[in-house]
Amino acid sequence: TANATWGGRFAEGPSAIMGAINASIGFDRKMWRQDIRGSLAHAAMLAHVGVISADDEVAIRDGLAAIAAEIEAGRFEFSDALEDIHMNIEARLTERIGEAGKRLHTGRSRNDQVALDVRLWVRDAIDGLSGQIRDVMRAMADRAAEHAGTVMPGFTHLQPAQPVTFGHHMLAYVEMLSRDLSRFADCRARMNESPLGAAALAGTGFPIDRHMTAKALGFDGPMRNSLDAVASRDFAAEFLFACAMCGTHLSRLAEEIVIWTNPYFGFVKLSDRFTTGSSIMPQKRNPDAAELVRGKTGRLHGALHGMLTVIKGLALTYFKDMQEDKEGVFDAAETLTLCLAAMAGMVRDMQPEVGRLATAAGAGYSTATDLADWLVRSLKMPFRDAHHVTGALVAKAEGRNLDLAGLTIGEMQAVEPRITEDVFNVLSVAASVRSRTSFGGTAPDNVTRMAAEWQEKLA
Ligand code: ARG
């Protein structure tokens, strides 16, 4: 028998395979709240403009409330034959309230309906994720305040570069996450227009009020072109880019946690709560949560790529290809939710090994730049020459297995006769970080101030 919703011109129903490839209810049921929210706004508007009666609107409203309760309680029977969440809910509504249910779809198509539902879902996801990003930032700012003066090695090329502070390192991630937050906010602002009422693609002849439904659903206004409204998914791609970028930031910290917890580094200790053991090697403490944050970021990148690929070859307007927009969006939002929660937990729990960090901070001639800067300041030596002299001193110290402060003043003067005892004042790690007072630099006073600023902003 032909499809009950759209099968008027069909003699036969779809094959089982057609049904299987066509059905989206398995995943788009996640949008049931959004679907009902949209239908309530649409029905209220239809009644307001006189397209349906006030009685019909009341029946629709009560019917949808009852359906929401059924779904919430797990009593709703989702049907594959009804394809998607839109038709599942509409069919149940008609089953419950009869005629009025069949009038709900006046002046609307599943094309604008689904565009609306995905938009509402993404908007809700942005609000949830933004709160979580702020939570991770808060955890980092707290650790930064606590460890504003905790020195650690700063790296380039993963080689010892210059000493920095643990707090400064945490705040670098706070800055990155703050840009992620603003990317989500941008995306939200740009997507906050309603496609509802674009109908199938051309608009409708019914005297609908798209401004009214847009307002009721919290949009800034209706989308201005009906073709664009049903054909566009750039908002979803943008959302996925924001997810992928945020995940990428978390993944870089995750990578650092993996390195830091390696016993050869021993920079931080993760709590038992965020560590796992091995089924064979009793001594193991594996940073699985960090590894998974790093690994799951691959899914976020995949979702973005998938979305762009799905839409790149589509002529205007709607194609069923666009049904493939949802799973990547849902998975990305859920994956990022989990990654943010795991990162918040790891950051709150992890213990920087202050002593080891201090020792490591001084290793690898990390204050060589301070020595070169001293030559520039005290001897008025051009920086390029100072770099060369310092290089010679590093080579000399390295040859004897000493650090720079281990050289005698005589040994230094053999390389540059004008060097005085004062040079030893700049060779310690503490002096090095204390001197980095330029705006945005790692000096503990800077870090304390910046951490406090973030704590206040995030409170
Ligand atoms: N389940 C469909 C989707 O996700 C709803 C829109 C169906 N529209 C249509 N013309 N068949 O895209």
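So, here's what we can say about the structure. Keep in mind that what you see is a predicted model, and the values were worked out from it rather than measured.

Quick notes on the rules
Residues numbered from 1 in each chain as written. Predicted model: local features only at pLDDT ≥ 70, side-chain atom pairs only at ≥ 80, totals over all residues. Heavy atoms only, no water. Near = heavy atom within 4 Å. Polar contact = N/O pair within 3.5 Å; in protein donor to acceptor, adjacent residues only side chain to side chain. Areas by Shrake-Rupley, 256 points an atom, 1.4 Å probe, with all protein chains shown as cover. Helix = DSSP H or I, 4+ residues; strand = E, 2+ residues; numbered from the N terminus. Nonpolar A, V, L, I, M, F, W, Y, C, P; charged D, E, K, R; others polar. Buried < 20%, exposed > 50% of the residue type's maximum accessible area, 1.4 Å probe, protein only. Axes fitted to C-alpha atoms, helices over the stretch in contact; angles between N-to-C directions. Left-handed = near helix turned anticlockwise from the far one by under 90°. Contact = heavy atoms within 4.5 Å. Patch = residues over 30% accessible without salt bridge, like charges linked within 9 Å, V, L, I, M, F, W, Y side chains within 5 Å. Salt bridge = Lys/Arg side-chain N within 4 Å of Asp/Glu carboxyl O. Phe/Tyr/Trp six-rings, centres within 6.5 Å; stacked < 30°, edge-to-face > 60°. Lys NZ or Arg CZ within 6 Å of the ring centre and 35° of its normal.

Every residue lining the ligand is accounted for by Ser24, Asp28, Asp84, His86, Arg110, Asn111, Val114, Tyr318, Lys320, Gln323 and Lys326. Take aspartate 84: an N or O atom from its side chain is 2.9 Å from a nitrogen atom of the ligand. Within the side chain of glutamine 323, one N or O atom sits 2.7 Å away from a nitrogen atom of the ligand. For the ligand, whose accessible area on its own is 340 Å², the fraction buried by protein is 87%. The greatest single-element share of the shell around the ligand, amounting to three residues, is contributed by helix 7 (residues 110-146). Each residue belonging to the shell around the ligand can be placed in one class, and the counts come to two nonpolar, four polar and five charged.

A few words now on the environment of methionine 281. The residue methionine 281 is located in the loop between strand 5 (268-269) and helix 12 (288-312) in this model. Of the residues examined, methionine 281 reaches a relative accessible area of 36% and is grouped as partly exposed. Distance from methionine 281 to phenylalanine 267, taken between C-alpha atoms, is 22 Å for residues 14 residues apart in sequence.

Once that is clear, we can look at the packing of helix 4 (residues 54-72) against helix 5 (residues 85-97). Any two packed helices are characterised by how steeply their axes cross, that is the angle between the axes, and by the distance between the axes. Where helix 4 contacts helix 5, the two axes come as close as 9 Å, and the packing angle between them is 120 degrees. In this structure, helix 4 crosses over helix 5, and the sense of that crossing is right-handed. On helix 5, the residues that touch Ala59, Ile60, Gly63, Leu64, Ala66, Ile67, Glu70 and Ile71 of helix 4 are Ile89, Arg92, Leu93, Arg96 and Ile97.

Turning next to a nonpolar patch on the surface. Together, Leu201, Leu227 and Leu316 make up a nonpolar patch on the protein surface, roughly 270 Å² of accessible area in all. On the secondary structure map, leucine 227 appears in helix 10 (residues 226-231).

This structure, assessed with the given rule, holds eight aromatic pairs. On the numbers, 5.2 Å between centres and 65 degrees between planes, the contact of tryptophan 6 with phenylalanine 10 is edge-to-face. Classification of phenylalanine 10 by relative accessible area gives partly exposed; the value is 42%. Both rings, one in tryptophan 121 and one in phenylalanine 330, keep their centres 4.6 Å apart while their planes meet at 55 degrees; by these two values the pair is tilted. Highlighted residues: tryptophan 121 in helix 7 and phenylalanine 330 in helix 13 (residues 326-349), separated in sequence by 209 residues. Judged by its relative accessible area of 12%, tryptophan 121 falls in the buried class. The buried category is assigned to phenylalanine 330, whose relative accessible area is 3%. The cationic tip of arginine 123 hangs over the ring face of phenylalanine 219; the distance from NZ or CZ to the ring centre is 4.6 Å. Positioned over the ring face of tryptophan 454 is lysine 457, at 4.2 Å from the centre of the ring.

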